[in-house]
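A closer look at the structure
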There are 4 protein chains.
Amino acid sequence: MKVGFIGLGNMGQPMASNLRAAGHELAVYNRSREKAEPLRQQGARVADSPADAARGAEVVFSMLADDGAVEGVVFGDTGLLVGLGRGALHVSSSTISVALSERLTEAHGKAGQRYVSAPVFGRPEAAQAKQLWVLAAGAKEDVERCRPLLEAVGRGLTVLGERPSAANVVKLSGNFLIASMTEALGEAFALTRKSGIEPQVFLSLFQSVFARSPIFERYAELIAREQYEPAGFKLRLGLKDVRLVLEAAGAAEVPMPLASLVRDHFLEGVARGMGDKDWAALGALAAERAGLDEPGSK
Amino acid sequence: MKVGFIGLGNMGQPMASNLRAAGHELAVYNRSREKAEPLRQQGARVADSPADAARGAEVVFSMLADDGAVEGVVFGDTGLLVGLGRGALHVSSSTISVALSERLTEAHGKAGQRYVSAPVFGRPEAAQAKQLWVLAAGAKEDVERCRPLLEAVGRGLTVLGERPSAANVVKLSGNFLIASMTEALGEAFALTRKSGIEPQVFLSLFQSVFARSPIFERYAELIAREQYEPAGFKLRLGLKDVRLVLEAAGAAEVPMPLASLVRDHFLEGVARGMGDKDWAALGALAAERAGLDEPGSK
Amino acid sequence: MKVGFIGLGNMGQPMASNLRAAGHELAVYNRSREKAEPLRQQGARVADSPADAARGAEVVFSMLADDGAVEGVVFGDTGLLVGLGRGALHVSSSTISVALSERLTEAHGKAGQRYVSAPVFGRPEAAQAKQLWVLAAGAKEDVERCRPLLEAVGRGLTVLGERPSAANVVKLSGNFLIASMTEALGEAFALTRKSGIEPQVFLSLFQSVFARSPIFERYAELIAREQYEPAGFKLRLGLKDVRLVLEAAGAAEVPMPLASLVRDHFLEGVARGMGDKDWAALGALAAERAGLDEPGSK
Amino acid sequence: MKVGFIGLGNMGQPMASNLRAAGHELAVYNRSREKAEPLRQQGARVADSPADAARGAEVVFSMLADDGAVEGVVFGDTGLLVGLGRGALHVSSSTISVALSERLTEAHGKAGQRYVSAPVFGRPEAAQAKQLWVLAAGAKEDVERCRPLLEAVGRGLTVLGERPSAANVVKLSGNFLIASMTEALGEAFALTRKSGIEPQVFLSLFQSVFARSPIFERYAELIAREQYEPAGFKLRLGLKDVRLVLEAAGAAEVPMPLASLVRDHFLEGVARGMGDKDWAALGALAAERAGLDEPGSK
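Keep in mind it's a predicted model, so treat the numbers as computed, not measured.

Attention now goes to the interface of chain A and chain B. Each side of the interface is counted separately: chain A has 101 residues, and chain B has 101 residues. Between chain A and chain B the total buried area reaches about 8900 Å² when both faces are included, carbon and sulfur atoms providing 73% of it. Linking chain A with chain B are four salt bridges. Residue D278(A) pairs with R123(B) through a salt bridge whose shortest N-O separation is 3.8 Å. Applying the counting rule to chain A against chain B returns 18 residue pairs in polar contact (both at pLDDT 80 or more). Here the side of chain A that touches chain B takes 26 residues from helix α9 (residues 165–194) of chain A, the largest share from any one element. For the side of chain A that touches chain B, the class distribution of residues is 62 nonpolar, 18 polar and 21 charged.

To continue, consider the relation of the copies chain B and chain C. Expressed as a screw transformation, the operator carrying chain B onto chain C has a rotation angle of 180° and an axial translation of 0.0 Å, and the superposed copies differ by an RMSD of 0.0 Å. The two molecules are tied by a two-fold rotation axis, judged by turn and shift. Within chain B, the C-alpha atom positioned nearest to the axis of rotation is that of S260(B), 3.0 Å from it. Of the interface residues in chain B, 100% have counterparts in chain C that sit at the interface too, so the contact is made through matching surfaces.

Moving on to unusual backbone geometry. The residue after E229(B), namely P230(B), is reached through a cis peptide bond having omega -5°. As for its position among the elements, P230(B) is in the loop between α11 (215–224) and α12 (235–251).

Looking at where E268(D) falls in the secondary structure, it is placed in helix α13 (residues 257–271). Residue contacts for E268(D): discarding those within four places in its chain leaves P255(A), R289(B), L285(D), E288(D) and R289(D).

Attention shifts here to the sheet that holds strand β6 (residues 114–117) of chain C. Residues and elements named next belong to chain C. One open sheet accounts for six strands, arranged β3-β2-β1-β4-β5-β6; its pairing is parallel. Bordering the open sheet on either side are β3 (45–46) and β6, each of which pairs with just one other strand. Sheet topology places strand β5 (residues 89–92) next to β6; four bridges connect them, and they run parallel. The partner of L89 across the bridge, within β6, is R114.

The next point concerns the packing of aromatic side chains. Inspection of the entire model under this criterion finds 34 aromatic pairs over all chains. For the pair F206(B) and F210(B), a centre-to-centre distance of 6.0 Å together with 20° between the ring planes defines the contact as stacked. Within this pair, F206(B) and its partner F210(B) are both found in helix α10 (residues 199–211), separated by four residues, close to a single helical turn. Note on accessibility: F206(B) and F210(B) belong to one class, buried. Here the aromatic residues F121(A), F206(A), F210(A), F216(A), F121(B), F206(B), F210(B) and F216(B) are joined through ring pairs into a cluster of three or more.

The transformation that overlays chain A on chain B combines an axial shift of 0.0 Å with a rotation of 180°, and the residual RMSD is 0.0 Å. Comparing interface residues between copies, 100% of those in chain A also lie at the interface in chain B; the contact surface is shared.

Interfaces are often sized by the accessible area lost when the parts come together. Each side of the interface is counted separately: chain B has 18 residues, and chain C has 18 residues. For the pair chain B and chain C, the summed buried area comes to about 1200 Å², and 56% of that belongs to carbon and sulfur atoms. It is E253(B), P255(B) and D264(B) that lose the most area in chain B upon contact with chain C, and together they represent 36% of the buried surface on that side. At the junction of chain B with chain C, the criterion picks out zero salt bridges. Counting across the interface, chain B meets chain C through six residue pairs in polar contact (both at pLDDT 80 or more). Broken down by element, the side of chain B that touches chain C gets its largest block of residues, eight residues, from helix α13 (residues 257–271) of chain B. Grouping the amino acids of the side of chain B that touches chain C by side-chain chemistry returns ten nonpolar, two polar and six charged.

On to the pattern of salt bridges. Side-chain pairs of opposite charge can arise where the charged atoms are in close proximity. Under the criterion given, the structure shown has 86 salt bridges over all chains. One salt bridge in this structure joins R114(A) and E141(A), with 3.5 Å as the shortest N-O distance. On the criterion of sequence distance, the pair formed by R114(A) in strand β6 (residues 114–117) and E141(A) in helix α8 (residues 140–153) is long-range, its members being 27 residues apart. A salt bridge links R272(C) to E288(C); the shortest N-O distance between them is 2.8 Å. Within this pair, whereas R272(C) is found in the loop between α13 (257–271) and α14 (282–289), its partner E288(C) is found in helix α14, the two being separated by 16 residues in sequence. Look at R272(C) and you get buried, because its relative accessible area is 17%. The class for E288(C) is buried, based on a relative accessible area of 1%. Residues joined in a network through salt bridges with shared partners are E268(A), R272(A), E288(A), R289(A), E268(C), R272(C), E288(C) and R289(C).

We now examine the domain arrangement of chain A. Residues and elements named next belong to chain A. Under the domain assignment used here, chain A contains domain 1 (2–166) and domain 2 (169–289). In this complex, domain 1 contributes ten residues to the contact, which on the side of domain 2 involves six residues. The contact between domain 1 and domain 2 buries some 660 Å² in all, and 75% of this surface belongs to carbon and sulfur atoms. Summed over the three residues of domain 1 that lose the most area to domain 2, namely T95, F121 and A166, the buried surface amounts to 53% of that side. For the interface between domain 1 and domain 2, the tally reads zero salt bridges. Here domain 1 is connected to domain 2 by four residue pairs in polar contact (both at pLDDT 80 or more). Taken together, the residues of the side of domain 1 that touches domain 2 break down into eight nonpolar, two polar and no charged.

Residues and elements named next belong to chain A. Taken together, the six strands give an open sheet; going across it, the order is β3-β2-β1-β4-β5-β6, and neighbouring strands pair in parallel fashion. On the outer flanks of this sheet lie β3 (45–46) and β6, each paired with one strand and no other. Most of the contacts of helix α6 (residues 98–110) go to β6, to which it runs at about 160°, and overall it touches β5 (89–92) and β6. Running over the sheet, α8 touches β1 (2–6), β4 (59–62), β5 and β6 and is turned about 60° from β6.

Quick notes on the rules
- Residues numbered from 1 in each chain as written.
- Chains lettered and ligands numbered in written order.
- Predicted model: local features only at pLDDT ≥ 70, side-chain atom pairs only at ≥ 80, totals over all residues.
- Heavy atoms only, no water.
- Contact = heavy atoms within 4.5 Å.
- Buried area = accessible area lost by both parts, 1.4 Å probe.
- Salt bridge = Lys/Arg side-chain N within 4 Å of Asp/Glu carboxyl O.
- Polar contact = N/O pair within 3.5 Å; in protein donor to acceptor, adjacent residues only side chain to side chain.
- Helix = DSSP H or I, 4+ residues; strand = E, 2+ residues; numbered from the N terminus.
- Nonpolar A, V, L, I, M, F, W, Y, C, P; charged D, E, K, R; others polar.
- Least-squares fit on C-alpha atoms with pLDDT ≥ 70 in both.
- Pairing = 2+ DSSP bridges.
- Phe/Tyr/Trp six-rings, centres within 6.5 Å; stacked < 30°, edge-to-face > 60°.
- Buried < 20%, exposed > 50% of the residue type's maximum accessible area, 1.4 Å probe, protein only.
- Domains from an automatic or database assignment.
- Axes fitted to C-alpha atoms, helices over the stretch in contact; angles between N-to-C directions.

In structure tokens, the structure reads:
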């Protein structure tokens, strides 16, 4: 397939390289031209502008740092909107805002072009090793059209329906899960370190018990199914345990704001009659706060 | 070995049963006597009191619901303190407070008895399947003495030094990690559901990408080593992404208090000159809040 | 009246002095005896122990630093419980826990003694100037008995019913309001300072517009009456404004965790259909979280 | 003076009316024309567009609901930018974002026009009674030029320097203080109500002790001066009291997220060696989080 690729940073370079290795004809563009050199050596054409990269291409990928960078290559005199042919497809892999994704959907639509949002999970090493996990959302036929390309850059693909911005919501939610776990780990390491436990020991325990276990998965399942009864572990026991965490942290003088937040939510659950549900019912409270449904209704 | 076991609930029963299966001579006690019946049938002696269960035992386990229950079986006229012989060992597997663990350490010490704190990770099914992960802290020779017993109830053992309460801190920290991840999942499912993404789809993505991946492990390693440079993913990009999460959540009217908390911590990091460190530096900020060290010093 | 006074710190000394000035016969006790000297010179008897201070007294005040100090003077061989006569009254003015207040109620009751909880608002200067505000809770006849004494140390008195610990709840709630306002001020000064506004200017504005205005009072009234309709200022406008605060704070790199918390609560209100109520409906959400009533029911 | 006024809602109408009463020649504009009728009867000219209202005016006020409404009247074919003469002054009293205020500053500057940001504190009743408090920021001569007008609509004026957006930051900070106090009151009423105290009683106490007292003012002064030593009330005692609040709230099953937040900040203060400073040092921690200065440096 004739493919354009815009943005040859840590992520874009290996992705483009994998597309080339899969046999596609490639035109690449990067603001600082020297980053395009390795791909030129692999046989790619080096374009002078985003519009130029899009010339004659069936599909053009973009993989850039943020909203501003994406706006920079899409809009403007030599931008993608100008260069992309009618019916040609822009695959946006950058981690951008839901709002910009919706704006791109509209802008390409008006120009008679197609748009698929396809952000990825994985670091540069994963991109090189073709181990990215790719999300994709957009019109069915568009996703099907670029499927071979998405499969050429990753180890798996999740299709998220016809609204492109859904893929951005999911990508952002995934990064939120990582940041949340990091915060939790930060607070847990602070408590254990200050309680005299070697970080290396707590790390090794985390690796043995949590990191690759089905524990987190089980809670995700309970929340996805809104299945909070019968309780495997009661919410009121969750409250008890987090209280003990905060008691220990108070004695050791370790602030744990995330523990405070979770304690308050457990306490709300108990105050509102959910004490005998599974402690995964934190998910029911989050849904209710969003106006999704009243707790106790499921 | 001659072993006592106090507390035959969902967790205690299978643990006691595994000790019996490993060939140990068992005396068991439970407040409601009928729960002792299955173990009687396996050849255990059914004791009339905690003290009675401790009679002649080299090691006595207790596995109860909370601080109150443990105090109830240890102190008092027919309690463990009265029945346990000089030099005999109390192995406490309940999830109790650090404060009570320290009080037990002292009380047993004064009585010429030994005390090991040995809480476990795992649900009743894991207890039945001998798949618990056991923590242990206490005097070296005491931990060694009960090691075969601890190995008989679980799949792995982490020894946490000579201060018994360290095991309680770690057990509580583990439960805190689970509760935190559950809160994060609850908020993420609320956002994705309200954005029109099927819970089943987000669940399957979580399973594919996060649940058993090395992602969380990598961040735990960075925090354990306080290795925040060079950045794999910069803290200022973490801030950007969590801002986009909150922007999307605001537009969809989904409160995400954990996302707010993480955003504020990232923002503090950037405001204080840590924007180019790895976003795992949330751990550095947590450590500093606890008075452990100043950020930037590592 | 024959009055004992235990605890002659910054607060106790002027309170005792005011009681003496009002003509009462005084026996005082303080752990470090030299602090009793000024009162001895005013004609007070210096007692050797809490029990000794209580000897023959109709009413004994205690004003100490914390739970531990109060336990120290009440319980034990030479404690208040031993020295206080049958029917005599302990007036506890310390800021102590609700739990200890309930324990004291019970202990004095068992000993045939009376107990009134009477914590105070005001700093040492206010105590000296007889400008404290006194809370009182306990049996009606007990509160009436010590009323002249309570009026001798302050400028006002609020009686809070027959359960002594109610006064402690209210005292703690008052300190919580101060701490919360201080946190809010701290964040507001951080934002304005970093935005280039002189602290002195913002202070002077706070003094002119907020500090002594009826603004806060009006919101307290709306919450007390649960009167959230018709809206004076709509909750959705409150959300808008706090979003703008966070937007400005984000641009200036100023973390404002209290603003984040309030934003999340406003957002919950809007998501759950309360956007057109008065923004004081934060109070309805707090009540609901406590299981008091469902929002929208009023 | 020849004055234009755009936006005749609850706030704009009485402000315009007060300007007319002060003898100024008035042209008014409102999207729905019938709201202009009362002012027409007072002798104002009713304009057909924002541009028309600005025709020949020396100063034009705008008082609208939000950013969108302000953009609507300023930009566009019949907007203020088009109608305002060279050297004429736009006084923006709406509560808008800092970003929009900066954009307006630039747009008017490019058009050879002047811009003063002048948001107000006060509700519609205060606007009618000429009791608003007005903020003003902009070039000195511009503020002086409109000073008589600003004084005609309020009881007081605070000038905040030459950067217009500073007034917006301060206005938003003021609304943040109100919202924070409302949240604090909401949580305090939930705790006291659930503890059996009549809301009316707690309200009356709040009125007597807090609402118009110098308490909050004193803390604002300490923070403005960064004067955290010597302590009037030590931070470690603040921690103790908020812990007791959370203990009482936990027992009564009342979640108090703001109390949790303040507790965590006090705990951080103690952990980092600030326990003997005044509890107003919450302000030092907020400043440090913003990268303003290290705690302990003052």
